[in-house]
Amino acid sequence: MAANFLGLAEIRIAAGDTAGAVKLLHRLVVAVGNPFENLDPAAALLEKTGHNAEAIEFIEQLVQSAPWEPVYRLRLAKATIAADTNAGSAQDVVASIASSADVPYTVRTQAALTLAGVHHQSERGPIQVGSNELSLLASGIGGLSASAANQPFFYEVRLQAAQSSSEPRVKFQLLGNALADTPTRDDARIPLFLAAASVRSDEFARGVIEPLLRQQFLSRVPPVAIAEDEIITSETDSSADEGVGSWLPTRFRLAPAQQAQIVWTLAEVLIRVDRLNEALTYLQTAHRLEKAPARRQQISSEIVDVRLRLRRQQLNEARQPILHEALEQDHLVHSKLLARSTVAAKAAAKKGVTQ
């Protein structure tokens, strides 16, 4: 099976036996499946592990098998640049792909980003690839101002400029405008959600991520029910959490730390908009995803606090009067329960007035 060959090759690469891995991949291409069927995964494995020089021969065969596919030509050029073999010619190939009107725009975007990554800058000035947006991408985002990037339908430029910016409000503006122009593309939603949460635009943040929640973006995490004492004292074995990220759609695959950050941020947003029941669910998920003990302890404290607030809300609902024509109540009415910090603050204020 192809998966067995790929797995063994990856193990050999990890062990430092690159030559043995390449030999296995040659056997995979020849012995398994149809001709050319496993060239792509073999090359992808070598690219992923940083062995671009070894990947070139596999990608060259891909280009020969499907010369009409610009993605393969782009991959070959990128591997050639990374391997530092005939890089100048490869950069010209990338520039031609970025400039071609016959190439899909997403592939042209990848080519423009590749040009920016290799700092392909000529003495004649910024690179021109037949599109103002792609020319900005190819020239590099580092020196690009937010106002230059923030132009109508400059989706990719706005995303790159937001990624390179350290100002939360600039990120918020760029990503918000990008999503407003192209609401069908979801790859701006997560960074926009995080930017909106960081500037405390909570209702907006919840609205941005809501379409992803409807796609079961986060609800596929297995539910966990944790008692308060277990939350505070337990340090669960991290091996039990392996594979938790498999519920994410492919285009949203993130590192476990990023997953935990998104879920925890969503919980904090829901707390601030007073949706405590929903927040509790996401806090429990964040507790499971988080690996750092200090962060897990912080999330545990937040879970306990939210549970106390929910309990207090339930008790207050039972203590408040029912407003109707008759004065009689069918239950005892009591004063509203307050959090201890609120009670202490009121007592201190009253004491100060008395003195």
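These remarks concern the structure in this document. (Residues numbered from 1 in each chain as written. Predicted model: local features only at pLDDT ≥ 70, side-chain atom pairs only at ≥ 80, totals over all residues. Heavy atoms only, no water.)

### Considerations on unusual backbone geometry
The phi dihedral of arginine 200 is positive, around 60 degrees, even though this residue is not glycine. By secondary structure assignment, the location of arginine 200 is in the loop between helix H12 (189-198) and helix H13 (202-214). According to the relative accessible area criterion, arginine 200 is exposed, its value standing at 57%. For aspartate 274, which is not glycine, the phi torsion reads 65 degrees and is therefore positive. Examined against the element boundaries, aspartate 274 turns out to sit in the loop between helix H15 (256-272) and helix H16 (276-289). (Helix = DSSP H or I, 4+ residues; strand = E, 2+ residues; numbered from the N terminus. Buried < 20%, exposed > 50% of the residue type's maximum accessible area, 1.4 Å probe, protein only.)

### A look at the pattern of salt bridges
Per the counting criterion, the structure on display carries nine salt bridges. Across the pair arginine 75 and glutamate 47 runs a salt bridge whose closest N-O atoms are separated by 2.6 Å. Of the two residues, arginine 75 sits in helix H5 (residues 70-83) while glutamate 47 sits in helix H3 (residues 39-48), which places them 28 residues apart along the sequence. Residue classification places glutamate 47 among the partly exposed positions, given a relative accessible area of 23%. With its nearest N and O atoms 2.6 Å apart, the salt bridge here joins aspartate 181 to arginine 158. Of the two residues, aspartate 181 sits in helix H11 (residues 168-181) while arginine 158 sits in helix H10 (residues 155-164), which places them 23 residues apart along the sequence. Judged by its relative accessible area of 27%, aspartate 181 is partly exposed. Residue arginine 158 is classed as buried on the basis of its relative accessible area of 4%. One salt-bridge network, held together by shared partners, links Asp40, Glu47 and Arg75. (Salt bridge = Lys/Arg side-chain N within 4 Å of Asp/Glu carboxyl O.)

### Some details on helix H2 (residues 18-31)
With 14 residues, H2 should reach 20 Å at 1.5 Å per residue; the first-to-last C-alpha distance of 20 Å fits that figure. If you check which residues of H2 are buried, you get Thr18, Gly20, Ala21, Val22, Leu24, Leu25, Leu28 and Val29. Against the buried residues of H2 lie helix H1 (2-14), H3 and helix H4 (52-65). Glycine 33 lies just past H2 and shows a positive phi near 70 degrees. (Expected span 1.5 Å × (residues − 1). Contact = heavy atoms within 4.5 Å.)

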